[in-house]
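Chain and residue survey
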Amino acid sequence: MSNIKQFDNNSVQIIGYVKSKDINYATAKDGGQVIRGNVTMEVPITQEDGSVQLNNIRVNVYQSQFFKSGKANPFYEGFETVIREYVAKDEDAENATYARVNGDISWNVYTNNAGQTVETNRLSARSFSRVDPEKVKPKAIGTLDVYVNDYKEHMEHGEPTNTYDVDGFYIGYNGKANKLVNFVAPAIMYEKGLQGTWTIGYHINNYAVVEEQKDEVADGFGTVEEIKPNSYVNNMQITGAQSNRIQVDEEQAQEAINEIRQEVARVQNTVDTTVSGFGGSPFANTDKPSASGTVVDDEDLPF
């Protein structure tokens, strides 16, 4: 763990329909009862041209019935309501529950079944509540205090996109350094040279790209919506940034960077875990599989 205290802002809010749910009661290692699993939210975002961007966003659930102090967890009952009463669209589309999810984001690194190191963003639900779709619009957004180290031009199909991948980190619970994964910044953020600590706002994107193709066949008519293979967008799209009062010096930043490298190396079961100097892009990954053969599946992690 780093010597930097936990950053202040880390929140996500997702409003939409419950698309699917896979949560249930379980017994923790200490014998206590927990609710664990995941819920996928369907978030339809209307675009300026009137089209609908359909996002499917999974949130992880892990709630203990009691805190370590023995005090009852006030959020536990709300998650029991999700199990008992929330209706998933995959089960009954007409009666699907429309809800708000509040939670946070963290970095997740593990080895998949193919022995590859995978780094993702883990969205964790802290509370669920029903809302009225006539009064509350769907959205999937986040606010996060971050340390920006560097930028790299974001390319798609070998072409520039006028956006930039952000190298950086944020400090979570108990001083844990979390890597920024799939955070994409607009050109203005790069052009302004925004580095160091900032509070960012972002949209959570996970949608298929649908292209409308005209049917030019002689005996055809109208249009055909074609979804191309692997044409998906899955990122955290930064929409704004403002200064904050968090102080992180170069030595502390390097310590956090090294901690991230060490965590990736631990998962990969490698020995070379440190870097020297500061700046550039110290977050380079490799696809080296775990030498230990240990597989940690996303579903098995206790968050």
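As a convention, each chain's residues are numbered from 1 in the sequence order in which they are written. Predicted model: local features are reported for residues with pLDDT of at least 70 only, side-chain atom pairs are reported and counted for 80 or more only, and whole-chain, interface and lining totals are derived from all residues. Only hydrogens and water are set aside when side-chain values are computed; all heavy atoms of the structure are taken into account.

Helix numbers and strand numbers start at the N terminus; a helix is a DSSP run of H or I with at least 4 residues, a strand a run of E with at least 2. From N to C terminus, the protein chain includes three helices and 11 strands. Helices and strands appear in the protein chain in the N-to-C order β-β-β-α-β-β-β-β-β-β-α-β-β-α. Taking all contacts inside the protein chain whose residues are at least 6 apart in sequence as the whole, residues at least 24 apart take part in 65%. Method for areas: the Shrake-Rupley scheme with a 1.4 Å probe, in which residue coverage is limited to the protein chains shown. Of the roughly 17500 Å² that the protein chain leaves accessible, carbon and sulfur atoms contribute 45%. Whether two residues touch is decided by their heavy atoms; if any such pair falls within 4.5 Å, the residues are in contact.

Moving on: the pairing of strand 6 (residues 139–156). When strand 1 (residues 10–27) meets strand 6, the two strands line up antiparallel, connected through six bridges. From the neighbouring strand, Asn10 faces strand 6, where its bridge partner is Leu144. Any two strands with at least two DSSP-identified bridges between them are counted as paired. Bridging between strand 6 and strand 7 (residues 159–171) involves eight bridges; their strand directions are antiparallel. Paired with Met155 across the bridge in strand 7 is Pro160. In this structure, the hairpin formed by strand 6 and strand 7 is closed by a connection of two residues, where His157 is found at a positive phi of approximately 55°.

For Val148, the position within the fold is in strand 6. Here the term buried applies to any residue with accessible area under 20% of the maximum for its type, exposed to any over 50%, and partly exposed to those in between, with areas from a 1.4 Å probe on protein chains only. Judged by relative accessible area, which is 2%, Val148 ranks as buried. Between the alpha carbons of Val148 and Gly193 there is a distance of 9.8 Å; along the sequence they are 45 residues apart. Val148 has contacts with Val166, Asp167, Gly168, Met189, Leu194, Gln195 and Gly196, leaving out every residue within four places of it along the chain.

Salt bridge, as applied in this entry: a Lys or Arg side-chain nitrogen positioned within 4 Å of an Asp or Glu carboxyl oxygen. One pass over the structure, following the stated rule, counts six salt bridges. The shortest N-O distance in the salt bridge between Glu85 and Arg130 comes to 2.8 Å. Highlighted residues: Glu85 in helix 1 (residues 76–85) and Arg130 in strand 5 (residues 117–130), separated in sequence by 45 residues. With a relative accessible area of 46%, Arg130 lands in the partly exposed category.

Turning next to the environment of Asn235. Turning to its location among the elements, Asn235 is positioned in strand 11 (residues 223–243). Its relative accessible area of 15% is what places Asn235 among the buried residues. Between the alpha carbons of Asn235 and Phe183 there is a distance of 6.1 Å; along the sequence they are 52 residues apart.

Looking at where Arg84 falls in the secondary structure, it is placed in helix 1. For the pair Arg84 and Asn24, spaced 60 residues apart in sequence, the C-alpha separation works out to 9.9 Å.

In a soluble, globular protein the nonpolar side chains are often hidden away together inside. We define a nonpolar core as any set of buried Ala, Val, Leu, Ile, Met, Phe, Trp, Tyr and Cys residues linked to one another through side-chain atoms lying within 4.5 Å. If you look at the biggest cluster of nonpolar residues, it comprises 59 residues, and the most contacted ones within it are Ile14, Phe128, Phe169 and Phe183. In contact with Phe183, other than residues within four places in its own chain, are Ile105, Asn121, Leu144, Tyr164, Asp165, Val166, Ile200, Tyr202, Met236 and Ile238.

Let us look at the packing of aromatic side chains. For any two aromatic rings, the description comes down to two numbers: the centre-to-centre distance and the angle of the planes. Note on ring pairs: Phe, Tyr and Trp rings are taken, using the six-membered ring of Trp, and paired if centres are within 6.5 Å. Classes follow the plane angle, with under 30 degrees stacked, over 60 edge-to-face and the rest tilted. A full pass over the atoms with the stated rule returns seven aromatic pairs. Ring pairs connect the aromatic residues Phe79, Tyr86 and Phe128, which therefore count as one cluster. The ring of Tyr17 is capped by Lys89, whose NZ or CZ atom sits 5.3 Å from the centre of that ring. By definition, being over a ring means that NZ of Lys or CZ of Arg is both within 6 Å of the ring centre and within 35 degrees of the ring normal.

Summarising the sheet, strand 1 and strand 4 (residues 98–111) pair through six bridges and their orientation is antiparallel. The residue bridging Tyr17 from the neighbouring strand is Tyr98, located in strand 4. Inspection of the sheet shows strand 1 paired to strand 2 (residues 33–46) by 10 bridges, in the antiparallel sense. Paired with Thr27 across the two strands is Gln33, which belongs to strand 2. What sits between strand 1 and strand 2 in their antiparallel hairpin is a turn of five residues, with Gly31 showing a positive phi close to 90°.

Turning our attention to helix 3 (residues 250–268). Residues spaced three or four apart along an α-helix face the same direction, because each turn holds 3.6 residues. To estimate the expected span of a helix, count its residues, drop one, and scale the result by 1.5 Å. Between its terminal C-alpha atoms helix 3 stretches 27 Å, which fits the 27 Å expected from 19 residues at 1.5 Å a residue. Buried within helix 3 are the following residues: Ala253, Gln254, Ala256, Ile257, Asn258, Glu259, Ile260, Val264, Ala265, Val267 and Gln268. On its buried face, helix 3 is in contact with strand 4, strand 5, strand 6, strand 7 and strand 8 (177–179). Positive phi shows up at Asn269, right after helix 3, with a value of about 60°.

Let us look at the side chain of Thr40. Relative to the elements of secondary structure, Thr40 occurs in strand 2. Thr40 gets classed as buried once you look at its relative accessible area, which sits at 13%. Excluding its chain neighbours within four sequence positions, the residues that come into contact with Thr40 are Tyr17, Val18, Lys19, Ser20, Asn56, Ile57 and Arg58.

All right, on to the confidence of the model for the protein chain then. The pLDDT value tells you how sure the predictor is about a given residue, anywhere from 0 up to 100. The pLDDT averaged across the protein chain works out to 87; a share of 83% of its residues lies at or above 70. Long-range and interchain partners of residues 271–303, a stretch whose pLDDT sits below 50, account for 72 contacts in this model, where long-range means more than four residues apart.

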